[in-house]
Amino acid sequence: MHRPSRRYLTIATALATATAAAVAVTSVAGASDTKQQAENAIKGGKAKNVILLIGDGMGDSEITLARDYTVGANGRLNMDKFPLTGAYTTYAVHADGTPDYVTDSAASGTGWATGVKTVNGRISKTPGTDKAVKTILELAQKSGYATGSVTTSELTDATPAVLASHVTDRSCQGPADMAKCTGDTVAAGGPGSIAEQSVNHKVDVLFGGGRQRFDQKVTDGKYKGLTVTEQARKLGYQVVTDNASMKAAKAGKPVLGLFATGNVPVEWTGKPAAVGGTDPQRCVTSNPNRPSTTPSLADSATKAIQLLEAKQKHSKKAFFLQIEGASIDKQDHAADPCGQIGETAAFDRAVKVARAYAAKHPDTLVVTTADHGHTSQIVPLEATPPGLSSTLITNEGQQLKVNYSTNTPGQSQEHTGTEVRIAAQGPQAYRVLGVTNQTDLFTTIREALRLR
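Quick notes on the rules
Residues numbered from 1 in each chain as written. Predicted model: local features only at pLDDT ≥ 70, side-chain atom pairs only at ≥ 80, totals over all residues. Heavy atoms only, no water. Disulfide = S-S within 2.5 Å. Buried < 20%, exposed > 50% of the residue type's maximum accessible area, 1.4 Å probe, protein only. Helix = DSSP H or I, 4+ residues; strand = E, 2+ residues; numbered from the N terminus. Pairing = 2+ DSSP bridges. Polar contact = N/O pair within 3.5 Å; in protein donor to acceptor, adjacent residues only side chain to side chain. Contact = heavy atoms within 4.5 Å. Axes fitted to C-alpha atoms, helices over the stretch in contact; angles between N-to-C directions. Core = buried A, V, L, I, M, F, W, Y, C linked by side-chain atoms within 4.5 Å. Parallel < 35°, antiparallel > 145°, perpendicular 65-115°, else oblique. Nonpolar A, V, L, I, M, F, W, Y, C, P; charged D, E, K, R; others polar. Phe/Tyr/Trp six-rings, centres within 6.5 Å; stacked < 30°, edge-to-face > 60°.

Observations concerning the state of the cysteines
Scanning the model with the defined rule gives two disulfides in all. At a sulfur-sulfur separation of 2.0 Å, the disulfide partner of Cys172 is Cys181. Residues Cys172 and Cys181 share a disulfide whose torsion about the S-S bond is about 90°; that sign makes it right-handed. For the residue pair Cys172 and Cys181, the accessibility class agrees, reading buried in each case. Covalently, Cys283 is tied to Cys338 through a disulfide, its sulfur atoms 2.1 Å apart. As the torsion about the S-S bond is roughly -80°, the Cys283-Cys338 disulfide counts as left-handed. Residue Cys283 is located in the loop between β9 (274-275) and α11 (297-311), and its partner Cys338 is located in helix α13 (residues 337-360); the two are separated by 55 residues in the primary sequence. In this structure, Cys283 and Cys338 share a single accessibility class: buried. In the protein chain, the cysteines engaged in disulfides, taken in order along the sequence, are linked 1-2, 3-4.

In structure tokens, the structure reads:
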């Protein structure tokens, strides 16, 4: 008797699961085409493009908080509208390979960037032997794809760093920051700091903050005495610093966008959570400390796609692009619910950009996920949390209490070890269904682009 292949059974099971899920979504959200999107996503095949969207620290609690505040409990964010949704585990490992149940962004990013789990703090290197591991961006470049990285953090922060650098410790962001990475310095025969490696890789589009790292001077090697920004220009980069110059950048040469000295300022502000709570508040949706010339994450994503697409106009292989909403995490650490919600909403608008592009280019795999969970929890209004809390007045006119209690008040709030959402559409999207491992995302992208 002929037995169906394991792959056939996997796809058939995924199709049944996805179709059922799609019907449920249709009944709740009125998305009449979701079932067809789900069936299309099951087909597998090769992708011409991959857009990976990372909401840093954006666990289910952070998504729910942003949804409740901005579009209502029965509303749907753009990230809620993907046809296929699963979950993945996020743990890191110790040097001996045993699990470290709560990851940081360096280890988690290394997981999807390389398919290898590592120790907290390490960037795309092995946990025990500290050896560099090829990243998905490096494999894409080798196969002829254009590549890009867009973030609201410093470009040398952990999540963007995992794509185009290999260092022992995530703190080694610029030439002056190499205290924990002596073996990675150019003087020691290593590849240098994260900033130096990022531009040396000639990633086609690099958009984010972190000008302070690129203003540091290279201490050894070919570019000694130059700043990393000057090094980038020597390598052919166009350097842009605001929304106008970003939009004016031309395809054909790589582009380095440095939109802030440190992290890109957040979009929203409000009162941070406090011991005993806050008076009910509405968030301020225009941060006075954010320059008006700062591009939004959605605008940066739009320009990055345009540049990458233009470069590959006559190629059968197009691009790999990672887009990170970094300060969801940073505002969660600070127990600042308005900052956190505003950054989640900004990230969600970038998701909309990616899905709109995929609607016109169905050979695009779009994946949205998080690197790890975080601290914020929606609790009953009558709850009296022992830590920090805040009461918000949502766009529905209702009160909502959010609690931050993973650390002592006054200390940075902590990541959590929970699994997080992963959702997708396009070729190979069925691979996100069920509960998978963070490292499986590397395989999903590699298979979609046929990278070897």
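Regarding unusual backbone geometry
With a phi close to 55°, Asp130 is a non-glycine residue in the positive phi region. Taking the relative accessible area as the measure of exposure, Asp130 reaches 24% and is therefore partly exposed. A positive phi is found at Ala335, a non-glycine position, where the angle reads about 55°. Within the fold, Ala335 resides in the loop between α12 (327-333) and α13. On the accessibility criterion, Ala335 (1% relative accessible area) is buried.

Some words on the pairing of strand β13 (residues 388-393)
Working note: regular strand, side chains alternate between the two faces of the sheet. A large share of β13 lies buried, amounting to five of its six residues. Judged from the two bridges that link them, β9 and β13 form a sheet pairing that is antiparallel. The residue of β13 that forms the bridge with Val275 is Leu388. Of the strand pairs in this sheet, β13 and strand β14 (residues 399-404) are connected by six bridges, and their pairing is antiparallel. Each residue of the ladder has a partner; that of Ser390, found in β14, is Val402.

So, helix α4 (residues 105-114)
By the criterion of burial, α4 is predominantly enclosed, with ten of the ten residues buried. Ser105, Ala106, Ala107, Ser108, Gly109, Thr110, Gly111, Trp112, Ala113 and Thr114 are the residues of α4 that are buried. Of the residues that open α4, the one with a side-chain oxygen 3.3 Å from the backbone nitrogen of Ala106 is Asp104. Count one or two residues on from α4 and you reach Gly115, which has phi positive near 80°.

Structural notes on the sheet that holds β9
With antiparallel pairing, four strands are arranged side by side in an open sheet as β9-β13-β14-β12. Every interior strand has two partners, whereas the edge strands, β9 and β12 (377-379), have only one. Together, β12, β13 and β14 form the strand contacts of helix α3 (residues 60-70), whose direction differs from that of β12 by roughly 55°. The sheet strands contacting α13 are β13 and β14, and the helix crosses β13 at an angle near 60°.

Notes on the nonpolar core
Residues Ile51, Leu53, Phe207, Leu256, Phe319, Phe320 and Ile323 are the most contacted members of the largest nonpolar core, which totals 96 residues. By size, the runner-up hydrophobic cluster in this structure holds 14 residues, among which are Ala273, Leu388, Leu392 and Tyr404.

Focus: the side chain of Ser165
Note that Ser165 resides in the loop between α6 (158-164) and α7 (194-200). Within the structure, Ser165 has its side chain in polar contact with the backbone oxygen of Ala161 (distance 2.7 Å). Excluding residues that lie within four positions of it along the chain, Ser165 makes contacts with Ile123, Ser124, Ile194 and Gln197.

Regarding the packing of α3 against α13
Direction vectors running N to C along α3 and α13 enclose 90°, while the axes themselves pass 9 Å from each other. Between α3 and α13, the interaxial angle falls into the category roughly perpendicular. Together, Glu62, Leu65, Ala66, Tyr69 and Thr70 of α3 and Gln340, Ile341 and Thr344 of α13 make up the contact between the two elements. Its residues placed into classes, the contact of α3 with α13 shows four nonpolar, three polar and one charged.

Some points on the packing of aromatic side chains
Tallied over the entire structure, the rule returns three aromatic pairs. A centroid spacing of 5.7 Å and a plane angle of 50° characterise the contact between Phe207 and Phe259, whose relative ring orientation is tilted. Of this pair, Phe207 sits in strand β6 (residues 205-209) while Phe259 sits in the loop between β8 (255-258) and β9, and the two are 52 residues apart along the sequence. Centre to centre, the rings of Phe319 and Tyr357 are 5.8 Å apart; their planes meet at 50°, and the pair counts as tilted.

Considerations on the sheet that holds strand β11 (residues 364-370)
Strands sit in the order β7-β8-β6-β5-β10-β1-β11-β15-β2-β16 across an open sheet of ten strands; the sheet is mixed. Where the open sheet ends on each side, the last strands, each with one partner, are β7 (238-240) and β16 (435-437). Recorded for the sheet is a direction-independent mean angle of 20° between the axes of neighbouring strands. Two elements, strand β5 (residues 146-154) and β6, share four bridges in a ladder whose sense is parallel. Its bridge partner being in β6, Gly148 is matched across the sheet by Val205. Against the sheet, α11 engages β1 (49-55), β5, β6, β8 and β10 (319-325), with an angle of about 170° to β10.

Focus on the side chain of Thr227
In this fold, Thr227 is placed in the loop between α8 (211-214) and α9 (228-234). For Thr227, a relative accessible area of 14% gives the class buried. Once residues lying within four places of it in the same chain are set aside, the contact partners of Thr227 are Phe214, Asp215, Gln216, Lys217 and Val218.

So, to be careful, I would describe these as geometric facts and stop short of saying anything about function.
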